[in-house]
Every structure is written in structure tokens, then in C-alpha cells.
Amino acid sequence: MDHETQAGLIRVAHLLADAARPVTLAHFRTASLIADNKAAAHFDPVTIADRAAERAMRDLLAQERPDDAIFGEEYGHSSGTSGLTWVLDPIDGTRGYISGTPTWGVLIAVGDADGPVYGIIDQPYIGERFAGGFGQASLTGPMGIAPLATRAARPLDQAILLSTFPEIGTPTERQAFEAVAQQVRLTRYGMDCYGYALLAAGQVDLVIEAGLNAYDVQAPIAVIKAAGGIVTDWSGGPVHEGGQVLAAANRQVHAAALELLQPG
């Protein structure tokens, strides 16, 4: 991919984040916010802000990149002819969004069949934007612009582990997760996509989750890899289609966690 194409994709990715920000903020922490439930067996909320933010991004892509495919959480797949797909999660962490916590974010990724090449994790309320791909990784926020870099290697017993749900995955997956959690210094929950942003920013060592979709993980993959980290499934393979996710600050802590996640 030439530099002109890369620059164009970066420009559009940031335009998408700019478009989603005011839409999500218009409803955040408002008394009128109502969440519908998308699932029958459990609570899987969706709000007017989720739908409106994705529509805003899709409308912009129709203008800027009409030949690209789109895969969004709320409106599914739209076909394209360019070989590139934009993967959108208009609000990752809707449970946090309706609870008023600032750990939700807008996830934007663009890539091909091999996975994302550029991604953004945007937190509109805090005003932080984590972006990575094409050899660059940066955080833009209240303190200005700074490069992103993951933590250097440290023993597993000094590591910090994040995950969104304490009841992660199936009982077998929970047992594997606990094998890692029992070895690290600190485990924290409830971060949604912000946990991956903190890993890219060098604040934590590991994020381990299960049951994710492509739109949950593609932007974090791009940002973390650009910052020097590694993201795989629990077998060490590609995970851009979702599933069991192991994100690590470096190969050493990734290998230590991966060994404990392996069955048997």
C-alpha cells in the first residue's frame, strides 16, 4: 500500500471519529437515555447513540470511500469492491455508557482479509484518541500528543491484567483465565475497550477476554501492534475475527500468559 493511500485511510479514520464524537456525547449521562435489549437470554444493551453514531460514520464513508466494505455492530455488512473493510463499533462498552462511566469508546478499524492495518480507539468524553498503524502510534488528549509504547518485559508476578467481565466466557475459559489471574500482581475489571488503550499506552501488561466479535477487537489490534504489543487468540493465532483474545505488552509476558491459558 503506497503512502498516499495510507494517508488517505488515516485521514478518513479520524474523520469518522470526529463524526461519532458529538453524536455519542449528545446522549451520554442524560436523563432521557433509554437502552433497548438486543438479546433474549441476557442483557445486551443498545441505545439511540449506538445507532446514530454508526449511521453518521456510514454516511461519511459513503462520501469518502464508497468502494470500501463496512462491517458495523449495529447495521452489519455492506459490500465493497476495493478489498478493504471498515470495521466499526459505534459504542464499545454500552453497559458502561448507560452507567455513566467513561470507559466506553468508539472503535474504528480498516483492513483486509489478513486483519486491520489502521485503528482508532476514541473516548469522546475524556477527549482521548489512541491511534495506530502504518508504523505510527499516538495518543491525542488533554495533555497534548504523545507517542504510544507498550511496557517493557517484566515477570508475570509483577504484571497488571485487565478484563471487562469477571464471569469471563465459559466455565473452562474462566478456569484458564483464573490460572493467569492468580499469577499476576493485580487484576482489574470493567474496562471495555479502554483496557486495550491503556495497554497500548504502557499502563498495563495484559488484557484477556473471550467471546469477542471482530468489531470489538480489530481497532485494538491495530493500535496495540503499532505501539509494540502483540494480540492473538489463546492458541497464539490470529484473532481479528474475534473469539478468545490475549493482548500483551510484549512477547515475554504474552508467552507466559499463553502457557497458562493452554488446555491441560
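Report on the accompanying structure. (Residues numbered from 1 in each chain as written. Predicted model: local features only at pLDDT ≥ 70, side-chain atom pairs only at ≥ 80, totals over all residues. Heavy atoms only, no water.)

**Quick look at the sheet that holds strand β3 (residues 69–72)**
Now for step 1: Pairing is mixed in the open sheet, where 8 strands are placed in the order β4-β3-β5-β6-β7-β8-β9-β10. Since the sheet does not close on itself, it has two edges, and those belong to β4 (76–78) and β10 (144–147), each with one partner. For this sheet, the mean inter-axis angle between neighbouring strands, taken without regard to orientation, is 15°.
Now for step 2: Examined bridge by bridge, strand β7 (residues 115–123) and strand β8 (residues 128–133) share 6 bridges and lie antiparallel to one another. The residue of β8 that forms the bridge with Gly119 is Gly132.
Now for step 3: Its contacts with the sheet put helix α2 (residues 48–64) on β3, β4, β5 (85–92) and β6 (105–112), and the angle it makes with β5 is roughly 155°. (Pairing = 2+ DSSP bridges. Helix = DSSP H or I, 4+ residues; strand = E, 2+ residues; numbered from the N terminus. Axes fitted to C-alpha atoms, helices over the stretch in contact; angles between N-to-C directions. Contact = heavy atoms within 4.5 Å.)

**Notes on unusual backbone geometry**
Now for step 1: Phi is positive for Phe134, close to 55°, though the residue is something other than glycine.
Now for step 2: Along the chain, the position of Phe134 falls in the loop between β8 and β9 (136–141).
Now for step 3: At Asp192, a position not held by glycine, the phi torsion is positive, near 55°.
Now for step 4: With relative accessibility at 15%, the residue Asp192 sits in the buried group. (Buried < 20%, exposed > 50% of the residue type's maximum accessible area, 1.4 Å probe, protein only.)

**Re the pairing of β8**
Now for step 1: Among the 6 residues of β8, 6 are classified as buried, and the element is accordingly described as predominantly covered.
Now for step 2: Side chains Glu128, Phe130 and Gly132 of β8 all project onto a buried face; the interleaved residues Arg129, Ala131 and Gly133 project onto the opposite face, where all are buried too.
Now for step 3: Here β7 folds back onto β8 in antiparallel fashion, the turn holding 4 residues, of which Gly127 has a positive phi close to 85°.
Now for step 4: When β8 meets β9, the two strands line up antiparallel, connected through 5 bridges. Paired with Gly133 across the bridge in β9 is Gln136.
Now for step 5: Where β8 hands over to β9, the hairpin turn is made up of 2 residues, of which Phe134 adopts a positive phi near 55°.

**Topic: α2**
Side chains three or four residues apart in an α-helix point the same way, a direct result of the helix having 3.6 residues per turn.
Now for step 1: The terminal C-alpha atoms of α2, which comprises 17 residues, lie 24 Å apart, in line with the 24 Å expected from a rise of 1.5 Å per residue.
Now for step 2: Along α2, the positions that sit buried rather than exposed are Ala49, Asp50, Ala52, Ala53, Glu54, Met57, Arg58, Leu60 and Leu61.
Now for step 3: Of the residues flanking the start of α2, the one acting as N-cap is Thr47, its side-chain oxygen 3.1 Å from the backbone nitrogen of Ala49. (Expected span 1.5 Å × (residues − 1). Polar contact = N/O pair within 3.5 Å; in protein donor to acceptor, adjacent residues only side chain to side chain.)

Any link to function would need more than the numbers given here.
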